[in-house]
Structure formats: structure tokens, C-alpha cells
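Chain by chain, the residues:
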Amino acid sequence: AGFLNVPKIKGTHNAMKTGMLAAEAAVDAIKGHAKDDSGVLLADYQSRVQNSWVWEDLKSVRNIRPSFQWGLLPALAYSAIDSYLFWGKAPWTLRMKHADHEALRPAAQCQKIEYPKPDGKLSFDLLTNLQRSGTNHEEDQPAHLKVRNMDLARESYEVY
């Protein structure tokens with residue numbers, strides 16, 4: 001969530017790049033670490049991110065998401081000003097009122113969303129959408145994401 005470029009709805013590449021930077025920082029930290037139980041600190045991860053294209057990408061859109069606290073129309077107006085007048089270089093930084101996780105509520109406290117059935121004209125079933133997306137994977141390609149703690153994953157799924 002922290003690496004999402006809101007106007008471009010682009011976060012995957014940012015997340016992958018920062019993951020690569022974290023891995024590089026981890027390898028360097030482990031290489032330079034004594035063999036004891038004191039742990040490893042990824043001290044240069046922050047500077048690696050700040051010196052990457054991700055930082056530049058996110059810095060220019062840092063005020064877009066916080067502006068939506070004011071409502072849709074004020075946020076759209078501010079976003080246009082920030083993007084086209086200041087080119088993402090406004091001399092201030094807006095802040096969110098709370099962290100993302102503070103707004104998360106258990107599913108039991110939320111109204112269930114009832115989606116209409118796909119009509120085949122405006123909305124489509126999952127497989128049709130997947131096929132039309134042009135995503136190309138082998139049928140038997142192994143999953144590249146591994147869940148280490150399935151009990152925790154199930155508990156989170158049931159709650160949220």
C-alpha cells in the first residue's frame with residue numbers, strides 16, 4: 001500500500017523494486033555482519049529507496065491520496081492543481097489523519113457487498129476478464145508466492 005502511485009494506479013513495479021532493494025540491503029548487511037545472535041539491521045535500505053526511481057515516482061504524487069480526506073470534488077481539484085500547476089513539486093506535504101491499518105475493520109462490522117451477476121455486456125465473469133487482460137501464464141506454472149503461516153492467513157481471511 002505504501003508504494004502505490006495513486007494517479008497511475010501503479011504499485012506492482014514499485015513494490016517489486018523496493019523488494020529488490022530490501023534484498024540487496026539484506027545481503028550486504030549479512031555479508032558484513034559478525035556471526036553472533038545480535039541480529040541484522042538493514043541500515044541502508046532507506047537510502048537505497050531514496051536514491052531509486054521509486055522515490056522520485058512517489059514523491060511527485062505524495063499529496064494526491066491525502067487530499068481525498070476532503071471529499072471527491074475538492075480532492076480532484078487539488079490533484080489537478082498539484083499535478084498540472086506544481087508538477088508534483090508543491091512546497092508542502094499533506095498528511096493523512098491516521099495510518100491505513102487504523103481504518104481496517106473486521107468484516108463482521110461491515111456491510112456485505114452484493115455484486116450483480118455479470119451481464120456479458122458491461123460486466124463479465126472472472127475467466128473472461130482474465131482472458132481479455134492478455135495475461136499469459138503456463139497452465140502448470142507453479143505459484144511464485146508462498147504463504148509461510150497458513151493458520152495466520154486463514155485467521156486474517158476469516159476476520160477481514
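Since the model is a prediction, treat every value here as computed from it, not as a measurement.

This paragraph deals with the overall build of the protein chain. A count of helical and extended segments in the protein chain gives seven helices and zero strands. Counting helices and strands in the order they occur from the N terminus, the protein chain gives α-α-α-α-α-α-α. Relative to the 2.2 N^0.38 estimate, which gives 15 Å for 160 residues, the radius of gyration of the protein chain is 21 Å and therefore markedly larger than a compact globule would have. Viewed in the frame of its principal axes, the protein chain has a C-alpha envelope of about 60 × 50 × 35 Å. Counting all 160 residues of the protein chain, 16% fall into the buried class.

Right, let's talk about a nonpolar patch on the surface for a bit. Among the surface-exposed residues, Phe68, Leu72, Leu73 and Leu76 lie close enough to one another that they form a single nonpolar patch of about 410 Å² accessible area. Note on placement: Phe68 falls in the loop between α4 (64–67) and α5 (72–85). Residue Phe68 is classed as partly exposed on the basis of its relative accessible area, which comes to 35%.

Between its first and last C-alpha, α5 extends 19 Å over 14 residues, near the 20 Å set by a 1.5 Å rise per residue. Among the residues making up α5, those that are buried are Ala75, Tyr78, Ser79 and Asp82. Looking straight down α5, one finds that the buried residues subtend no more than 105° of arc, so they occupy a single side. Of the residues in α5, the exposed ones pointing more than 90 degrees away from the buried face are Leu73, Tyr84 and Leu85. Looking at the buried positions of α5, the neighbouring elements they touch are α4. Immediately beyond the C-terminal end of α5, within one or two residues, lies Trp87, with a positive phi of roughly 55°.

Right, let's get into the packing of aromatic side chains. Summed over the entire model, instances satisfying the criterion amount to three aromatic pairs. Taking the centre distance of 5.2 Å and the plane angle of 80° together, the rings of Phe86 and Trp92 count as edge-to-face. On the basis of relative accessible area, Phe86 is assigned to the partly exposed category, the value being 29%. Taking relative accessible area as the criterion, Trp92 reaches 34% and is therefore assigned partly exposed.

Okay, the layout of surface pockets next. Approximately 190 Å³ is the volume found for the second largest pocket. Taken together, Asn5, Pro7, Lys8, Asp57, Ser60, Val61, Ile64, Ser79, Ala80, Ser83 and Tyr84 make up the lining of the second largest pocket. Across the lining of the second largest pocket, the residue classes break down as five nonpolar, four polar and two charged.

Enumeration according to the criterion identifies five salt bridges in this entry. The salt bridge involving Asp151 is made with Arg154; its shortest N-O contact spans 3.5 Å. With Asp151 and Arg154 both in helix α7 (residues 150–159) and three residues apart, the pair spans about one turn of that helix. A network of salt bridges, in which partner residues are shared, links Glu24, Asp28, Asp44 and Arg48.

Now for the environment of Asp100. Structurally, the position occupied by Asp100 is in the loop between α5 and α6 (126–133). Owing to a relative accessible area of 39%, Asp100 belongs among the partly exposed residues under this scheme. For the pair formed by Asp100 and Gly2, sequence separation is 98 residues and the distance between their alpha carbons is 9.2 Å.

Each value, and the rule that gives it
Residues numbered from 1 in each chain as written. Predicted model: local features only at pLDDT ≥ 70, side-chain atom pairs only at ≥ 80, totals over all residues. Heavy atoms only, no water. Helix = DSSP H or I, 4+ residues; strand = E, 2+ residues; numbered from the N terminus. Rg over C-alpha atoms; globule rule 2.2 N^0.38 Å. Buried < 20%, exposed > 50% of the residue type's maximum accessible area, 1.4 Å probe, protein only. Patch = residues over 30% accessible without salt bridge, like charges linked within 9 Å, V, L, I, M, F, W, Y side chains within 5 Å. Areas by Shrake-Rupley, 256 points an atom, 1.4 Å probe, with all protein chains shown as cover. Salt bridge = Lys/Arg side-chain N within 4 Å of Asp/Glu carboxyl O. Expected span 1.5 Å × (residues − 1). Arc of directions from axis to C-beta. Contact = heavy atoms within 4.5 Å. Phe/Tyr/Trp six-rings, centres within 6.5 Å; stacked < 30°, edge-to-face > 60°. 1 Å grid on protein atoms, 1.4 Å probe; cavity = no way out; pocket = protein on both sides within 12 Å on 5 of 7 lines; lining within 4 Å. Points joined across faces, edges and corners; volume = space filled by probe spheres on them. Nonpolar A, V, L, I, M, F, W, Y, C, P; charged D, E, K, R; others polar.

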